[in-house]
Amino acid sequence: MLVTGEYRFQRRLMRYSPSPDYIDTFYLGEMTRGDALSLYRYFRGEEPREEEKVVVEQGVGGHPGLLKEIASKWGLSYVCRYVRRVQQIVVEHRLSLAEDGEALAEELEEMLEKLAEKPLARTARRVEVLDELVERGVLQYGCSVYLGIYEWNRDCGGDAGGVEGLECGGGGWCGGLDVVAPANRLMRIGLLLAVDRRPEIPEPVRRLCRV
């Protein structure tokens, strides 16, 4: 079993695998709402303020690394720095493509507009246009069943009214990484900022970051 999120190594591994059947992908999507809030509370070391809970629930989502950075190190201001950095990377990529022709930059813009709303099927053309944003961590090649970026994955049982079985939790075996999508919820918010769709940014994040 090999666990890796390192982009170049992952590509090399897939390219040189003996056959398509040699690698079975387990996709670890974002955590569920209940687990994310519990982990944030653990990192915080105390009951978080209501503002923090709302920002986590509507903005940050279930990314363990981000939850730890915000709860135990940087505070909520980290959210604003993060989304503005994503905006900058997207703008840089757009300008880079524009050097090869305005039509290519417009094609990128169209894809980003769609990605702000939903994942896109992974096609050769989309890989060609978006691959650099995947390499820089803004986007990901993901498994549509366990994505958890646009809406929460279901909690499994417990008091949250979750369900048992394949439809709950944040990950599982996946036939292949079939979609391209933002790498996490804050990446999606940065994307919304980059394509000038501020009204669609969750209100607690708009208020916090004054966008």
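Keep in mind the model is a prediction, meaning the values are calculated, not measured.

Remarks on a nonpolar patch on the surface
On the surface, Phe26, Leu28 and Trp173 cluster together into a nonpolar patch covering about 400 Å² of accessible area. You can see phenylalanine 26 is positioned in strand E1 (residues 25-28). Under the relative-accessibility criterion, phenylalanine 26 is labelled partly exposed at 45%.

Points about the state of the cysteines
All told, the structure shown has three disulfides when counted by the stated rule. Here cysteine 143 engages in a disulfide with cysteine 174; their sulfurs sit 2.2 Å apart. Taking the torsion about the S-S bond as the criterion, the cysteine 143 to cysteine 174 disulfide, at about 100°, is right-handed. With cysteine 143 in the loop between strand E3 (139-142) and strand E4 (171-174) and cysteine 174 in strand E4, this residue pair connects regions lying 31 residues apart in the sequence. For cysteine 143, a relative accessible area of 2% puts it in the buried group.

Focus: the confidence of the model for the chain
With 92% of its residues at a pLDDT of at least 70, the chain reaches an overall mean of 89. Within the chain, helix H1 (residues 7-15) has the poorest average pLDDT of any element, 76, and strand E2 (residues 120-121) the best, 97.

Quick notes on helix H6 (residues 102-115)
With 14 residues, H6 should reach 20 Å at 1.5 Å per residue; the first-to-last C-alpha distance of 20 Å fits that figure. For H6, the full list of buried residues reads Ala105, Leu108, Met111, Leu112 and Leu115. Considered in projection along H6, the buried side chains sweep an arc of 120° and stay on one side of the axis. The exposed residues of H6 that point more than 90 degrees off its buried face are Ala103 and Glu106. Buried residues along H6 sit in contact with helix H5 (77-98), E2, helix H7 (124-135), E3, strand E5 (179-182) and helix H8 (185-194).

Thoughts on the side chain of aspartate 155
Inspection of the secondary structure assignment puts aspartate 155 in the loop between E3 and E4. For aspartate 155, which is buried and forms no salt bridge, the nearest opposite charge comes from arginine 33, at a distance of 5.2 Å. A polar contact of 2.5 Å, which involves the side chain of aspartate 155, links it to the side chain of threonine 32. Within the local environment of aspartate 155, its side chain forms a polar contact with the backbone nitrogen of glycine 34, the two atoms lying 3.2 Å apart.

So, the packing of H5 against H7
Helix-helix packing is described using two parameters, namely the angle between the two axes and the distance between the axes. Put simply, H5 and H7 touch, their axes get as near as 10 Å, and they point 145° apart. As for the relative orientation of H5 and H7, their crossing is right-handed in sense. From H5, Ile89, Val90, His93 and Leu97 reach across to H7, where they touch Val129, Glu132 and Leu133.

Regarding the packing of aromatic side chains
Under the criterion given, the structure shown has three aromatic pairs. Ring plane angle 55° and centroid distance 5.8 Å describe the contact between tyrosine 42 and phenylalanine 43, whose orientation is recorded as tilted. What makes tyrosine 42 exposed here is its relative accessible area of 64%. Overall, the relative accessible area of 21% leaves phenylalanine 43 in the partly exposed class. Measuring from centroid to centroid gives 5.8 Å for tyrosine 78 and tyrosine 82, while their planes differ by 55°, and the two rings are tilted. Of this pair, tyrosine 78 and tyrosine 82 both sit in helix H5, four residues apart, roughly one helical turn. Here arginine 81 stacks its cationic end above the ring of tryptophan 74, 5.1 Å away from the centre of that ring. Directly above the ring of tryptophan 152 sits arginine 185, whose terminal nitrogen or CZ lies 4.3 Å from the centroid.

Calculation criteria
- Residues numbered from 1 in each chain as written.
- Predicted model: local features only at pLDDT ≥ 70, side-chain atom pairs only at ≥ 80, totals over all residues.
- Heavy atoms only, no water.
- Patch = residues over 30% accessible without salt bridge, like charges linked within 9 Å, V, L, I, M, F, W, Y side chains within 5 Å.
- Areas by Shrake-Rupley, 256 points an atom, 1.4 Å probe, with all protein chains shown as cover.
- Salt bridge = Lys/Arg side-chain N within 4 Å of Asp/Glu carboxyl O.
- Helix = DSSP H or I, 4+ residues; strand = E, 2+ residues; numbered from the N terminus.
- Buried < 20%, exposed > 50% of the residue type's maximum accessible area, 1.4 Å probe, protein only.
- Disulfide = S-S within 2.5 Å.
- pLDDT = per-residue confidence, 0-100.
- Expected span 1.5 Å × (residues − 1).
- Arc of directions from axis to C-beta.
- Contact = heavy atoms within 4.5 Å.
- Lys, Arg positive; Asp, Glu negative; His and termini not counted.
- Polar contact = N/O pair within 3.5 Å; in protein donor to acceptor, adjacent residues only side chain to side chain.
- Axes fitted to C-alpha atoms, helices over the stretch in contact; angles between N-to-C directions.
- Left-handed = near helix turned anticlockwise from the far one by under 90°.
- Phe/Tyr/Trp six-rings, centres within 6.5 Å; stacked < 30°, edge-to-face > 60°.
- Lys NZ or Arg CZ within 6 Å of the ring centre and 35° of its normal.

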